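Residues per chain, in single letters:
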Amino acid sequence: MLAQFQRVGSGLFAQGFVSSQSGNLSIRQENHLLITQRHCALGSIGERDLVETGIAKNNRATPLASTELAVHRCIYRKTPALAVVHAHPPYAVALSFMERQVIPCDMEGRSVVAKVVVLGKGMTARAGDFGEEIAEALRRCKVVLVEGHGTFAIGQLLEEAYYYTTAFEQSCRILYLLKGLMVDLQS
Ligand SMILES: [Zn+2]
């Protein structure tokens, strides 16, 4: 269990998809979830960094959980997800200011994530915001993007949600490069 969190957390950190204390991961265990704790360093997750709490009910550990706990809970209530990965991948976040939806044009992105909606347009997102909207959007797609904030991806395993996050960020990077090439060609 811990090893899954460590593999995904260190992968996200190594690629610059989270800062030293941002991003959060969780898995569902029946009526509970296991989630990284508040201000957890995803690059070096230890056993004490994982908090178990209810999906519907609080317990003594709840205050220690990630500040995005409310969003993870909404996702588990509304979707069949068994794992959630939240990250701040820079190309995706940059595109979130420019687009209402992101449609990958590369082969892998097209087949893996197809289309990603951008939520919270024109609003300043804080941790824990837009839980209902994020969960609703994730009933139709594997990844959603919150403007100026980051991605939420779901899967049956953390590795699966991590893969969608990395494939989508790769697509955003390609879109960003293409936009730059078009500007160069026009000038
Ligand atoms: Zn965040």
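Residues numbered from 1 in each chain as written. Predicted model: local features only at pLDDT ≥ 70, side-chain atom pairs only at ≥ 80, totals over all residues.

Participant: How should the pairing of strand β8 (residues 150-155) be read in this particular structure?
Facilitator: Within a regular strand, the side chains alternate between the two sheet faces. Burial analysis of β8 places 6 of its 6 residues in the buried class, which makes it a mostly covered element. One ladder, built from 5 bridges, connects strand β4 (residues 83-87) with β8; its direction is antiparallel. Within β8, the residue paired with alanine 83 across the bridge is glycine 155. Pairing geometry for strand β7 (residues 143-146) and β8, over 4 bridges, is antiparallel. Across the sheet, the residue bridging to valine 143 is alanine 153, located in β8. (Buried ≥ 20, exposed ≤ 12 C-beta atoms within 10 Å, placed from the backbone. Helix = DSSP H or I, 4+ residues; strand = E, 2+ residues; numbered from the N terminus. Pairing = 2+ DSSP bridges.)

Participant: So what exactly am I meant to see when it comes to the pairing of β4 here?
Facilitator: With 5 of its 5 residues buried, β4 lies for the most part within the structure. Alternating residues of β4 divide into Ala83, Val85 and Ala87 and Val84 and His86, and every residue in both groups is buried. Summarising the sheet, strand β1 (residues 24-29) and β4 pair through 4 bridges and their orientation is antiparallel. When the bridges of β4 are listed, isoleucine 27 appears paired with alanine 83.

In short, shape yes, function no, at least from these values alone.
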